[in-house]
Amino acid sequence: MKKLLIFILMLFVTVGIASALTVSPNPVSMSGNVSTTVNGNFSISTVTNVTGITFVKSDLVGSIVNISSSYLTFNQSTPFNMLNGTTTNVIASVAIPASAYAGTYNGQVNVTDGVGNSSLLNISLTVQTVNAMSANSTASITSEADVSRTASLIITNTGSTNLTNINITGSNIYDADNDTIILSYSPNNFALAPGNQRTVTITANINKNVDPDDYTRIIRVNATVTGASASSTLT
């Protein structure tokens, strides 16, 4: 009787660990820059006939912000069926939003048929560190003398780090006899989070004696971090 009891317990354990769905590799790791799409491959295997397989996604959780599960997609339409002993290869894609910060994001995908068969897939995404920003290439003012006119400069953080102390510089403009067009910028010295932009107003105060002519000035935009800079030409 004792031997029979041990045999029954061992049989129970063996049946209990069987799973109809398995995924590999696990986790799926991806890496890329903001505003790009990255891919990772995984496969689903089954030891029985399975119907109605779907993917239940979580958000990708980061240390500063999260990436919504809506940015995670698959090339395999759902629901779908699988036959006993078959494997389905799937491509997972993450469209990394412009607002993502550099760092690691972790999420999960529950591969399930809704009737008890499931396998949990871990997703690991690394967003690379990029210090970058952009500005519109030109800004134009057409005016007579003895007035003030404005133009707009749109600055965008196109990287994955917070940019601080963004500073706009561009010296005054002088005509042949040193009459002045005084340039000012507002706002100046500000911060931008990834994916954010700010409109800066360029004001040109034109002296009444400035000679009619075409004038240009290169306007430079810099931030505290190395590599984050842009320029625009005022005409």
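Note that the structure is a prediction, hence the values are computed from the model and not measured. (Residues numbered from 1 in each chain as written. Predicted model: local features only at pLDDT ≥ 70, side-chain atom pairs only at ≥ 80, totals over all residues. Heavy atoms only, no water.)

As for the overall build of the chain
The following threshold applies: Runs of H or I in DSSP of at least four residues are treated as helices and runs of E of at least two as strands, each being numbered from the N terminus. Should any heavy atoms of two residues lie within 4.5 Å, those residues are considered in contact. Per-residue accessibility takes into account occlusion by the displayed protein chains alone, with areas from the Shrake-Rupley method and a 1.4 Å probe. Charged residues are defined here as Lys and Arg on the positive side and Asp and Glu on the negative side; His and the ends of the chain fall outside this count. Working definition for charges: the position is that of NZ of Lys, CZ of Arg, CG of Asp or CD of Glu.
Secondary structure assignment for the chain yields one helix and 21 strands. Of the contacts made within the chain by residues no fewer than 6 positions apart, 69% connect residues no fewer than 24 positions apart. Summed over all atoms, the accessible surface of the chain reaches about 12800 Å², with 51% contributed by carbon and sulfur. Across the chain, 8 positive and 10 negative side-chain charges occur, with their mean positions spaced 29 Å apart.

Quick notes on a negative patch on the surface
The criterion, for reference: Like charges are joined within 9 Å and nonpolar side chains (Val, Leu, Ile, Met, Phe, Trp, Tyr) within 5 Å, but only among residues with over 30% relative accessible area and no salt bridge; these make up the patches. Salt bridges are counted wherever a side-chain nitrogen of Lys or Arg sits within 4 Å of a carboxyl oxygen of Asp or Glu. Summary of the burial criterion: residues with accessible area below 20% of their type's maximum are buried, those above 50% are exposed, and those between are partly exposed, where the area comes from a 1.4 Å probe applied to protein chains only.
Among the surface-exposed residues, Asp177, Asp211, Asp213 and Asp214 lie close enough to one another that they form a single negatively charged patch. Here aspartate 211 falls in the partly exposed class, since its relative accessible area comes to 30%.

Topic: the environment of arginine 220
Position of arginine 220 relative to the elements: it lies in strand E20 (residues 217–222). With 176 residues separating them in the primary sequence, arginine 220 and isoleucine 44 have C-alpha atoms 53 Å apart. Among all residues touching arginine 220, those that are not within four sequence positions of it are Asn167, Ile168, Thr169, Ala230 and Ser231.

Description of the nonpolar core
Inside soluble globular proteins, nonpolar side chains tend to come together where they are buried. Rules: Residues grouped as a nonpolar core are buried Ala, Val, Leu, Ile, Met, Phe, Trp, Tyr and Cys residues, joined through side-chain atoms within 4.5 Å.
In terms of nonpolar packing, the biggest core is built from 31 residues, with Phe42, Ile44, Phe55 and Leu125 touching the most fellow members. With four residues, the top contributor of residues to this core is strand E11 (residues 118–127). Discounting chain neighbours no more than four positions away, the residues touching phenylalanine 42 are Val23, Ser24, Pro25, Val28, Phe55, Phe74, Thr88, Asn89, Val90, Ala92 and Leu121. By size, the runner-up hydrophobic cluster in this structure holds 28 residues, among which are Leu192, Ile206, Val210 and Leu234.

Thoughts on the pattern of salt bridges
Scanning all chains against the criterion turns up one salt bridge. Note that arginine 149 and glutamate 144 form a salt bridge whose closest N and O atoms lie 3.4 Å from each other.

Quick word on the sheet that holds strand E17 (residues 180–186)
Rules: When DSSP finds two or more bridges between two strands, those strands count as paired.
Strands sit in the order E12-E14-E19-E17-E16 across an open sheet of five strands; the sheet is antiparallel. Unpaired on one side and paired on the other, strand E12 (133–135) and strand E16 (173–174) mark the two borders of the sheet.

Quick notes on the pairing of strand E15 (residues 163–169)
Pairing of E15 with strand E18 (residues 190–192) involves two bridges; the strand directions are antiparallel. Within E18, the residue paired with leucine 163 across the bridge is leucine 192. As paired elements, E15 and E20 share three bridges and run antiparallel to each other. In the sheet register, threonine 169 faces E20, and the bridge partner there is arginine 220.

What to know about the side chain of threonine 88
Within the secondary structure layout, threonine 88 lies in strand E9 (residues 87–95). A residue is classified by how much of its surface remains accessible, and threonine 88, at 14% relative accessible area, is buried. Once residues within four sequence positions are removed from consideration, threonine 88 is found in contact with Phe42, Ser43, Ile44, Gln76, Phe80 and Met82.

Observations regarding the environment of asparagine 66
Here asparagine 66 lies in strand E6 (residues 66–67). The class for asparagine 66 is partly exposed, based on a relative accessible area of 46%. Separated by 37 residues in sequence, asparagine 66 and glycine 103 have C-alpha atoms that sit 11 Å apart. Contacts of asparagine 66, omitting those with residues within four sequence positions, involve Leu60, Val61 and Tyr105.

Some points on unusual backbone geometry
Excluding glycine, residues mostly have negative phi values, and the peptide bonds linking residues are mostly trans. Cis rather than trans, the peptide bond between threonine 78 and proline 79 has omega equal to -5°. Among the structural elements, proline 79 can be located in the loop between strand E7 (72–74) and strand E8 (80–82). In this chain, serine 186 is followed by proline 187 through a cis amide linkage whose omega measures 0°. For proline 187, the position within the fold is in the loop between E17 and E18.

Considerations on the environment of isoleucine 91
Tracing the backbone through its elements, the reader meets isoleucine 91 in strand E9. Those residues in contact with isoleucine 91 that sit more than four places away from it in its chain are Asn39, Gly40, Asn41, Thr73, Phe74 and Asn75.

These figures come from the coordinates and say nothing about function on their own.
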